[in-house]
Every structure is written in structure tokens, then in C-alpha cells.
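Chain by chain, the residues run as shown.
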Amino acid sequence: MHRLSAAPQVAVIGAGPAGLMAAEVLARGGAAVTVYDRMPSAGRKFLMAGRGGLNLTHGENFERFIARYGRATPQLRPAVEAFSPSALRAWCENLGEPTFLGSSGRIFPRSFKASPLLRAWLRRLEGLGVAFRSRHRWTGWDEEGRLLFATPAGGTVVAPAASILALGGATWPQLGSDGGWVEPLTGAGVAVAPLRPSNCGFVVPWSELFRSRFEGQPLKRVALSYGGRTIRGEAIVTRTGLEGGSIYALSAPLRDAIETRGEAMVHIRLRPDLGAADIEARIGARPKKQSLSTFLSKALKLSPVEIGLLHESTIGTFESLSGMSPSRLAERVHAVPLRLVGIAPIGRAISTAGGIVFDELDHGFMLRRRPGTFVAGEMLDWEAPTGGYLLQAVFATGAAAATGALDWLRLRMTGAEPQADQPSRDERAPPRTAAPG
């Protein structure tokens, strides 16, 4: 990438991974960058994401990888191709944080934490001259198009040559991303698809007995099925319902079904490695004097919470586990029906669906209605499963938006009047995103 001949002021609003990546690309391109964030320090949600191991990206085949973005694949492909999983790994390595490929195909930093990576990244940005302004909440634009911020000392106005919005979605608002940007964007005429929870938990009408006994208990090595898809993994019984990786992977169709019909029925295979016939044969060998719970625990290695879930599934029916035939009980172990009646609050979700629709953007991620304003990360209308796909697209769109801003600024310096391009995103050429580092 050619550096700008001067150093125009560029504002990056949001100090999460999309904003920090944009700041790095801009600073390397010759811009004078200031990052604004409403929180006291940078990368708070990024740090939270790393508490259980920072899943940066995924090592699967690229075509399979990019398809994980569903209907947003055509819009995200150029950015992810330009700043690919391999480029992200190289960038981490350059920061002194080598990565490794896990057995699941997920890619993590060797330290398995976000904090060492973030510290190294902030030192790099400081060395590139990036300035930070904390406790600055963006509230929109004034009549002259200048940026407005609310701060503890009062309101302030900033007039940069270009700006990048990277304010995140609406999950874990206490860490910074509260969706407060929706109102100023829609007020400016920008179309925003409603923000909805993604990779989220669901509400189950547990009985008080089950809830009080098994809240917080894991369902391990199970398989959840819905809509023709089966996901193996774990889930956690919560006071209000169910959370965990296996149900997160099904969250988009489950959410849509509940929003449409008010409920959705999933089925849980408690022993996915055993076929129904094998389960039935084991149940048929039950000694007559042995209690059912003891037998299920010994013969099928079911945990107390799994046995409790079987009993829970009979509430409101005319059946009981003890009265079931071996074949009927085997069917129930093979596919426990579970009725979901609600969606956990968006604030507890891992990520957000919805956001600024892609038709509002040109090929460089610039708002057509606001020339000089670019958008990146979860503010855009896309969603993806967990597994590294979320952070990969956040990093990639941050780099792509910064590259678009540099190109736009370069045109302005030549005396041209750059405008947002008009072709649809499907017809556009890929952005020339430079991999930072």
C-alpha cells in the first residue's frame, strides 16, 4: 500500500478489534489516527472473549469457511480473502503471539489468552502514533457533518477528514457495545436491519423441581437436532433455559422459528454414539429389582441431569419413564424432545445479527449517504457461528474499511471529489486490503 502524501486526521470510533485493526491499517497508510471509545480502556469485550481461550479464526478449507457467513457471503468474501485466516495468523505471529490449530480446526494464540495479544497490539499502535480518547460516547453528527461526542467534561465536536464506525453490536453492553449507534444512523436515513441475538441461549419452561436441582449442570457429549441439522457438543442448563455451544450453533433457525411461531422443538440425543437398537437392547436387559434411575446410570452412563431431563420430558403427557416399554424408552433417550419458548436477552448473546444493510455501503465499506464515513465489524448486517468466524470477519472488515478510507482520502488529495460508487456490492471489484503488520 502506498502511504498518503500528507497525514489527514481520521477518527476511528470503537476500540474493539474492528476499530483497532482499522487504526493500524490507517496509521501504516500515513493517516493521523485517533481512536474514540466510550469505555475507560480499549478491547474490553475482546478480553472477555479470550477468557475461555481466544478463538481467532478457523483452519478449514476457505470455500467451506466463507460459506459460514450465509447470505452475507458475497459481501464479506472480498474482505476475508484480502485479510484471510492465514494473514490473521501471520499478523498474530508478528505481534509475538504464535497460533496453533486445535483438534476441532479452531485456531488460538499459544497463550490461549487475549490479554498478551492486546497489550502487544496497543504498544504497536502507540508506536505508530495512534492516539486514544476514552470515555467518549459518539452521539451522531451535527448539521455540518462533524462528529459529536458526550464526555464526562461535556460535549465535544470533532471534524476529521474521514471516520470509521466500529461500535460493535448490542451484546454485553457493560463492556461497550450497546447498540446506541442505531438511532443516529437511522436518523441520518441509513437502513439498519433490527439487531437480534445470535449464538444465544433459549428459554425452556422448566419445572421448579428440575430448575432448582439442575441449574448450572452440563449436558456433556450430547447431540442437538433441529431442522435437519444435528450438532454435537455440550449445553448448560440455566435457570431460565439452555445455553452452550451445541445450541448456539442452531441459534439462527431456532430464533427465527420462535419469532415466527412462538416456540421451537429441539431433540437431544443423550448417547449419540449409540443407535436406537443398541440402546433398546441395553434397556431390555434391566434387572427387574433394579431402580430405573440406577439402571440408566450404570447401563447407559447417564448423569443425574440427563435422567432428570428424561423425566422432565414426560411432564404434561400421559407417560412416565417407568411405564415405558424398552423400545419407547430407547426412543426417548435417542431423541429427548425439548420445547423452547423464548430467546435469551440480546445482552447475554455472544454476537448480534442485523445491522447496517450492505446496500448502504459502497465497495470500500463507505456509507453512500455519508461520504467519508466507513463502517466495520458487527455494525454490519451479518452473522456467523462461533468457531473463529466472528472474529475473522471483524478483523477483515476493519482492515477493508481502513483501506477504503485510505483510497478515498488519496483521491481527495489529488483534487478529485470522491463519491460513493453506485454498482451493487455483487458487481464490485474486491477492495485492495493490505494485511497489516
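In what follows, the structure referred to is the one given above.
Quick caveat: nothing in here was measured; it's all calculated off a predicted structure.

## Notes on the overall build of the protein chain
Here's step 1: For the protein chain, the count of helices and strands is 15 helices and 20 strands.
Here's step 2: The contacts in the protein chain between residues at least 6 apart in sequence include a share of 71% that link residues at least 24 apart.
Here's step 3: Accessible surface for the protein chain amounts to roughly 18900 Å². Of this, 51% is attributable to carbon and sulfur atoms.
Here's step 4: When the 51 basic and 38 acidic side-chain charges of the protein chain are each reduced to a single mean position, those positions are 8 Å apart.

## Looking at the environment of Ser 303
Here's step 1: Among the structural elements, Ser 303 can be located in the loop between α12 (292-299) and α13 (304-312).
Here's step 2: C-alpha separation for the pair Ser 303 and Arg 348, spaced 45 residues apart in sequence, amounts to 27 Å.

## Observations regarding the sheet that holds strand β4 (residues 99-101)
Here's step 1: Taken together, 3 strands build an open sheet; the order of strands is β3-β5-β4 and the sheet is antiparallel. Here the strands that pair on one side only, and so sit at the sheet edges, are β3 (57-58) and β4.
Here's step 2: Two elements, β4 and strand β5 (residues 106-109), share 3 bridges in a ladder whose sense is antiparallel. Residue pairing for β5: Thr 99 is matched across the bridge by Pro 109.
Here's step 3: With respect to the sheet, helix α5 (residues 85-94) is in contact with β3, β4 and β5, its orientation differing from that of β4 by roughly 140°.

## Comments concerning helix α14 (residues 326-334)
Structural remark: α-helix, 3.6 residues per turn; residues separated by three or four positions point the same way.
Here's step 1: All of the buried residues along α14 are Leu 329, Ala 330, Arg 332 and Val 333. Buried positions in α14, seen along its axis, are confined to an arc of 160° and lie on one side of it.
Here's step 2: Buried residues along α14 sit against β16 (264-269), α11 (276-284), α12, α13 and β17 (336-340).

## So, the pairing of strand β8 (residues 147-151)
Here's step 1: Of the two faces of β8, only the one carrying Leu 147, Phe 149 and Thr 151 is buried; Leu 148 and Ala 150 on the other face are not.
Here's step 2: Relative to β8, strand β7 (residues 137-141) is paired through 4 bridges, and the arrangement is antiparallel. Residue Gly 140 lies in a different strand from β8, and its bridge partner there is Leu 148.
Here's step 3: Connecting the antiparallel pair β7 and β8 is a turn made up of 5 residues, with Gly 145 showing a positive phi of about 85°.
Here's step 4: Pairing of β8 with strand β9 (residues 154-158), which is carried by 5 bridges, proceeds in the antiparallel orientation. The residue of β9 that forms the bridge with Leu 147 is Val 158.

Thresholds applied
For every chain, the first residue of its written sequence is number 1, and the numbers climb from 1 along that sequence. Owing to the predicted nature of the model, reporting of local features is limited to residues with pLDDT of at least 70; listing and counting of side-chain atom pairs is limited to 80 or more, with chain, interface and lining totals taken over all residues. With hydrogens and water excluded, all non-hydrogen atoms of the structure serve as input to the side-chain values. A helix here means a DSSP run of H or I that spans at least four residues, while a strand means a run of E at least two residues long, and both kinds are numbered starting from the N terminus. We call two residues contacting when some pair of their heavy atoms lies within 4.5 Å. For the accessible areas, the method is Shrake-Rupley and the probe is 1.4 Å, while residue cover comes only from the protein chains on display. Positive: Lys, Arg. Negative: Asp, Glu. His and the chain ends are not part of the count. A charge is said to be at NZ when it belongs to Lys, at CZ for Arg, at CG for Asp and at CD for Glu. When DSSP finds at least two bridges between two strands, those strands are taken to pair. Each axis is a line fitted through C-alpha atoms, and for a helix only the stretch in contact is used; angles between axes span 0 to 180 degrees, taken between their N-to-C directions. We call a residue buried when its accessible area falls under 20% of the maximum for its residue type, exposed when it is over 50%, and partly exposed in between, using a 1.4 Å probe and counting protein chains only. This arc corresponds to the set of directions leading from the helix axis out to the C-beta atoms.

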